[in-house]
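Commentary on secondary and tertiary structure
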Amino acid sequence: MDELFSELLQITEDAAARREQLTDDDWKAFMRQRTDLMIRIRRLNAEQPEDPELRRAFKPIVDQLLVLDTLIVGQMNTIKEEASGHLRGIQDGRRQKQAYELEEIMEEGFFVDKRR
């Protein structure tokens, strides 16, 4: 379990340090790797009897992970807000385009009715 926690801490530290430069693919790879490690840790934990010493031994690592997770979640929220802003811009553009096209149709219809 030591190796799993060490690897989890390593990838989390790396992601937190490079969080502003990570691409979408980097984030996906990090999350896949992290999920795999967490599943393996949980399986090992379920197989072992309750051991307070073991919990105490890993507490500093878990505390470090919690601090790093706060940084990572903050960056993910920033990315989400940027994406949301871009989507709103696209939706606004579509709405404006539809309104413009509707205006053209209405003008043409008015013009045709006027000739009759």
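As the structure is a prediction and not an experimental result, all values here were calculated from the model.

1. Some points on the overall build of the protein
- A tally of regular secondary structure across the protein gives three helices and zero strands.
- Helices (α) and strands (β) of the protein occur, in sequence order from the N terminus, as α-α-α.
- When the 116 residues of the protein are sorted by exposure, 19% land in the buried category.
- Across the protein, contacts joining residues at least 24 apart in sequence account for 82% of those joining residues at least 6 apart.
- Accessible area of the protein: about 9300 Å², with a carbon and sulfur share of 53%.

2. Examining the packing of helix 1 (residues 2-17) against helix 2 (residues 24-47)
- The contact between helix 1 and helix 2 brings their axes to 10 Å, and the two run at 155°. Overall, the two elements helix 1 and helix 2 adopt an arrangement that is roughly antiparallel. Where helix 1 crosses over helix 2, the two elements pack in a sense that is left-handed. Counting all contacts with helix 1, which are made through L4, F5, E7, L8, I11, T12 and A15, the residues of helix 2 involved are F30, Q33, R34, L37, M38, R40, I41 and L44.
- Its residues placed into classes, the contact of helix 1 with helix 2 shows 10 nonpolar, two polar and three charged.

3. Regarding the side chain of D69
- Residue position: D69 is located in helix 3 (residues 52-115).
- On the basis of relative accessible area, D69 is assigned to the buried category, the value being 18%.

4. With respect to the nonpolar core
- Formed by 18 residues in total, the largest nonpolar core has its most connected members in F5, L8, F30, I61 and I72.
- Breaking this core down by element, the ones donating at least two residues are helix 1, helix 2 and helix 3.
- A per-element tally of this core places helix 1 first, with seven residues.
- Contacts of F5, omitting those with residues within four sequence positions, involve I41, F58, I61 and V62.

5. Side note on the packing of aromatic side chains
- Considering all chains together, one arrives at two aromatic pairs under this definition.
- Relative to F58, the ring of F5 has its centre 4.4 Å away and its plane inclined at 20°; by these criteria the two rings are stacked. Note that F5 is positioned in helix 1 and F58 in helix 3, a separation of 53 residues in sequence. The residues F5 and F58 share a single accessibility class, namely buried.
- Taking 6.3 Å as the distance between ring centres and 75° as the angle between the ring planes, the aromatic pair formed by W27 and F30 counts as edge-to-face. Placement of the pair is W27 and F30 together in helix 2, with a separation of three residues, close to one helical turn. Comparing W27 with F30 shows no difference in burial state: the two are buried.

6. Concerning the side chain of T12
- One can find T12 in helix 1.
- Setting aside chain neighbours within four positions, we find T12 in contact with F30, R34, L65, L68, D69 and I72.

What counts and how
Residues numbered from 1 in each chain as written. Predicted model: local features only at pLDDT ≥ 70, side-chain atom pairs only at ≥ 80, totals over all residues. Heavy atoms only, no water. Helix = DSSP H or I, 4+ residues; strand = E, 2+ residues; numbered from the N terminus. Buried < 20%, exposed > 50% of the residue type's maximum accessible area, 1.4 Å probe, protein only. Contact = heavy atoms within 4.5 Å. Areas by Shrake-Rupley, 256 points an atom, 1.4 Å probe, with all protein chains shown as cover. Axes fitted to C-alpha atoms, helices over the stretch in contact; angles between N-to-C directions. Parallel < 35°, antiparallel > 145°, perpendicular 65-115°, else oblique. Left-handed = near helix turned anticlockwise from the far one by under 90°. Nonpolar A, V, L, I, M, F, W, Y, C, P; charged D, E, K, R; others polar. Core = buried A, V, L, I, M, F, W, Y, C linked by side-chain atoms within 4.5 Å. Phe/Tyr/Trp six-rings, centres within 6.5 Å; stacked < 30°, edge-to-face > 60°.

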